[in-house]
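Geometric and topological summary
Take a look at the letters that make up each chain.
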Amino acid sequence: MTSVALTIAGSDSGGGAGIQADLKTFQELGVFGTSALTAITAQNTLGVHAVQPVDPKTVAAQIRAVLDDLPVTAIKTGMLFSDEIIRIVAEELKSFPSIPLVIDPVMIAKGGASLLQNEAVLALCKQLLPIATLITPNIPEAEVLTGQSIHSEEDMEVAAKALLSMGPSAILLKGGHREDVPFAEDLFMTADGEHFLMRSKRIATPNTHGTGCTFAAAITAELAKGHSLEDAVVTAKHFIHAAIEDGIELGNGHGPTNHAAYRKSGQLKTKEVELIERN
Ligand SMILES: Nc1ncnc2c1ncn2[C@@H]1O[C@H](COP(=O)(O)OP(=O)(O)OP(=O)(O)O)[C@@H](O)[C@H]1O
Ligand SMILES: Cc1ncc(CO)c(N)n1
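Bear in mind the structure is a predicted one, so any value in this text is a computation, not a measurement.

Calculation criteria
The residue count restarts for each chain, going from 1 along the sequence in the order it is written. Chain A is the first chain written and ligand 1 is the first ligand written, with later ones labelled in order. Since the coordinates come from a predicted model, pLDDT governs what is reported: local features require at least 70, and pairs of side-chain atoms require 80 or more to be given and counted, while whole-chain, interface and lining totals use all residues. Here the side-chain values reflect all heavy atoms present in the structure, with hydrogen atoms and water set aside. For the purposes of this entry, the term helix denotes a DSSP run of H or I that reaches at least four residues, the term strand denotes a run of E that reaches at least two, and both are numbered from the N terminus. C-alpha atoms define the radius of gyration in this analysis, and the globule rule sets the expected value at 2.2 Å times the number of residues to the power 0.38. Between buried and exposed lies partly exposed: a residue is buried under 20% and exposed over 50% of the maximum accessible area for its type, with that area taken using a 1.4 Å probe on protein chains only. Should any heavy atoms of two residues lie within 4.5 Å, those residues are counted as being in contact. All accessible-area figures derive from a Shrake-Rupley calculation using a 1.4 Å probe, and residue coverage is judged against the displayed protein chains alone. Charge counting follows a simple rule: Lys and Arg are positive, Asp and Glu are negative, and His as well as the terminal groups are ignored. One atom stands in for each charge, and that atom is NZ of Lys, CZ of Arg, CG of Asp or CD of Glu. Centres within 6.5 Å are what make two rings of Phe, Tyr or Trp a pair, Trp counting through its six-membered ring; a difference in plane orientation under 30 degrees is then read as stacked, over 60 as edge-to-face, and the rest as tilted. Two strands qualify as a pair provided that DSSP identifies no fewer than 2 bridges between them. Only a single heavy atom is needed: when it lies within 4 Å of a molecule or strand, its residue is near that molecule or strand. Throughout, the protein atoms alone are placed on a 1 Å grid, and a set of points is a cavity if a 1.4 Å probe fits but cannot get out or a pocket if it is open with protein on both sides within 12 Å along at least five of seven lines; lining residues have an atom within 4 Å of a point. Think of it this way: if more than half of a molecule's atoms are within 2 Å of a pocket's grid points, that molecule is in the pocket or cavity. The residue classification treats Ala, Val, Leu, Ile, Met, Phe, Trp, Tyr, Cys and Pro as nonpolar and Asp, Glu, Lys and Arg as charged. All others, Gly included, are polar. UniProt positions are given in the numbering used here, feature names are shortened, and annotations may be inferred rather than shown by experiment. Salt bridges are defined as contacts in which a side-chain nitrogen from Lys or Arg sits within 4 Å of a carboxyl oxygen from Asp or Glu.

All right, on to the overall build of the protein chain then. When you go through the protein chain residue by residue, the secondary structure sums to nine helices and 10 strands. Scaling as 2.2 N^0.38, a compact globule of 279 residues should have a C-alpha radius of gyration of about 19 Å, and the protein chain matches this with 17 Å. For the protein chain, the C-alpha atoms occupy an extent of roughly 45 × 40 × 40 Å along the three principal directions. Relative to its 279 residues, the protein chain shows a buried fraction of 56%. When contacts within the protein chain are restricted to residue pairs at least 6 apart in sequence, long-range pairs at least 24 apart make up 69% of them. When the accessible surface of the protein chain is totalled, it reaches about 11,700 Å², and 53% of it is carbon and sulfur. Averaging the positions of the 21 positive and the 33 negative side-chain charges in the protein chain gives two centres separated by 2 Å.

What follows is the structure in structure tokens.
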């Protein structure tokens with residue numbers, strides 16, 4: 001049977017991030033993608049020019065329409081923008097506790113535009129983190145959620161533990177923003193104490209628009225196909241590494257990643273990604 005995933009996220013008119021990145025990633029990994037749109041952004045590789053949130057009732061209606069009919073086996077959230085949208089999404093998802101839920105706590109676009117209102121951070125922590133299978137903050141997002149600054153691997157471990165105490169079953173703290181180190185290293189930690197680092201070489205490229213969305217969407221696609229969370233995050237790390245390495249020169253700012261790169265490479269799990277067990 002065809003696996004189906006749902007993304008609840010904002011639209012990026014430039015096509016590199018948001019719902020467009022999610023649907024392309026689902027398709028590349030052989031999963032049928034469905035969507036509930038939370039906001040429309042007028043955006044390109046240079047930045048975000050306008051944001052129009054969708055009426056929360058319409059967000060809820062989209063989620064219900066998809067979940068009432070289609071056999072969704074994994075859900076992802078991206079840009080949620082407001083307290084009202086977060087509350088209504090949490091309310092809808094509470095009726096489907098058995099479907100794995102990946103929360104990408106999107107806050108700020110690469111150009112600095114806010115994709116989450118300040119007053120919505122509390123609702124994110126209280127309503128959504130406790131029902132998440134996995135949360136995928138980048139370093140600035142983890143700093144906002146924990147109130148701690150993160151500059152080292154040790155800081156990442158402390159922040160990951162603080163985030164787990166907010167209720168998700170697991171966390172993947174992405175290290176893409178640590179430009180002081182020559183590798184892109186992400187920390188995976190579960191509430192059960194499982195714990196490893198995924199490290200790949202840092203690629204020198206401006207074409208990183210939508211890396212976070214694409215990474216979380218790849219994890220969601222793998223979960224939708226029934227893979228374990230551990231296998232899903234490792235496959236997704238290979239997927240995003242290939243997509244960044246083969247990034248596309250488009251536009252005048254941060255170009256998009258190449259969602260087709262992993263499939264074109266034969267979906268090989270090469271030595272590009274090193275797993276480092278921790279205890
Ligand atoms: N220059 C790079 N080279 C290799 N891997 C990278 C690079 N930048 C980010 N990554 C990897 O890409 C994934 C996404 O991480 P990142 O921290 O960039 O997410 P993000 O900040 O949420 O992205 P977004 O810009 O979409 O908000 C992680 O696995 C990270 O390690
Ligand atoms: C719509 C949207 N969602 C998420 C991001 C984060 O990359 C973005 N730039 N735009």
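Scanning all chains against the criterion turns up two aromatic pairs. Pairing Phe 188 with Phe 196 gives two aromatic rings, centres 4.9 Å apart and planes at 35 degrees, and the pair type is tilted. We classify Phe 188 as buried; its relative accessible area is 0%. Owing to a relative accessible area of 3%, Phe 196 belongs among the buried residues under this scheme. Geometrically, the ring pair formed by Phe 239 and Tyr 262 is tilted, given 5.5 Å between the ring centres and 55 degrees between the ring planes. Taken together, the residues span a long stretch of sequence, with Phe 239 in helix H8 (residues 229-245) and Tyr 262 in helix H9 (residues 261-264) at a distance of 23 residues. An identical accessibility class is assigned to Phe 239 and Tyr 262; each is buried.

Here we come to unusual backbone geometry. Phi at Phe 81 takes a positive value of approximately 70 degrees, unusual for a residue other than glycine. Along the chain, Phe 81 turns up in the loop between strand E4 (72-77) and helix H3 (83-93). Phe 81 gets classed as buried once you look at its relative accessible area, which sits at 13%.

Right, let's talk about the pairing of strand E3 (residues 47-53) for a bit. Bridge analysis of strand E2 (residues 32-44) against E3 gives six bridges, and the strand direction is antiparallel. Within the sheet, the bridge partner assigned to Thr 41 lies in E3 and is Val 51. Hairpin connection from E2 to E3: two residues lie between these consecutive antiparallel strands.

Moving on, we come to the site of ligand 2. Taken together, Gly 10, Ser 11, Ala 17, Gly 18, Gln 43, Met 79, Val 106, Ala 109, Leu 115, His 209 and Cys 213 make up the full set of residues near ligand 2. Burial of ligand 2 by the protein amounts to 91% of the accessible area it has alone, namely 290 Å². Its atoms largely coinciding with the cavity grid, ligand 2 occupies the largest pocket. Partitioned by chemical class, the residues of the shell around ligand 2 number six nonpolar, five polar and no charged.

Let us look at helix H1 (residues 18-28). Those residues of H1 lying buried are Gly 18, Ile 19, Ala 21, Asp 22, Thr 25, Phe 26 and Glu 28. In the stretch just after H1, Gly 30 is the one whose phi turns positive, near 80 degrees.

Moving on, we come to the environment of Ala 17. In this structure, Ala 17 sits in the loop between strand E1 (4-12) and H1. Assessed through its relative accessible area of 9%, Ala 17 is described here as buried. Note: C-alpha distance between Ala 17 and Leu 70 (53 residues apart in sequence) is 24 Å. When near neighbours in sequence (up to four residues on either side) are disregarded, Ala 17 contacts Asp 12, His 209, Gly 210 and Cys 213.

Moving on to the UniProt feature "domain: Pyridoxamine kinase/Phosphomethylpyrimidine kinase" (unreviewed entry) in the protein chain. Per the UniProt annotation, the sites labelled "domain: Pyridoxamine kinase/Phosphomethylpyrimidine kinase" (unreviewed entry) are residues 12-258. Counted over residues 12-258, helix gives 38% and strand 21%. Its end C-alpha atoms are 16 Å apart.

Our next topic: the pattern of salt bridges. Counted by the stated rule, this structure contains 12 salt bridges. Note that Arg 263 and Glu 28 form a salt bridge whose closest N and O atoms lie 2.5 Å from each other. Separated by 235 residues along the polypeptide, Arg 263 in helix H9 and Glu 28 in helix H1 bring together distant segments of the chain. On the basis of relative accessibility, which here comes to 45%, the residue Arg 263 falls in the partly exposed class. You can call Glu 28 buried: its relative accessible area is 14%. Across the pair Glu 185 and Arg 199 runs a salt bridge, and its minimum N-O distance is 2.7 Å. On the criterion of sequence distance, the pair formed by Glu 185 in strand E8 (residues 183-190) and Arg 199 in strand E9 (residues 195-201) is long-range, its members being 14 residues apart. You can call Glu 185 buried: its relative accessible area is 2%.

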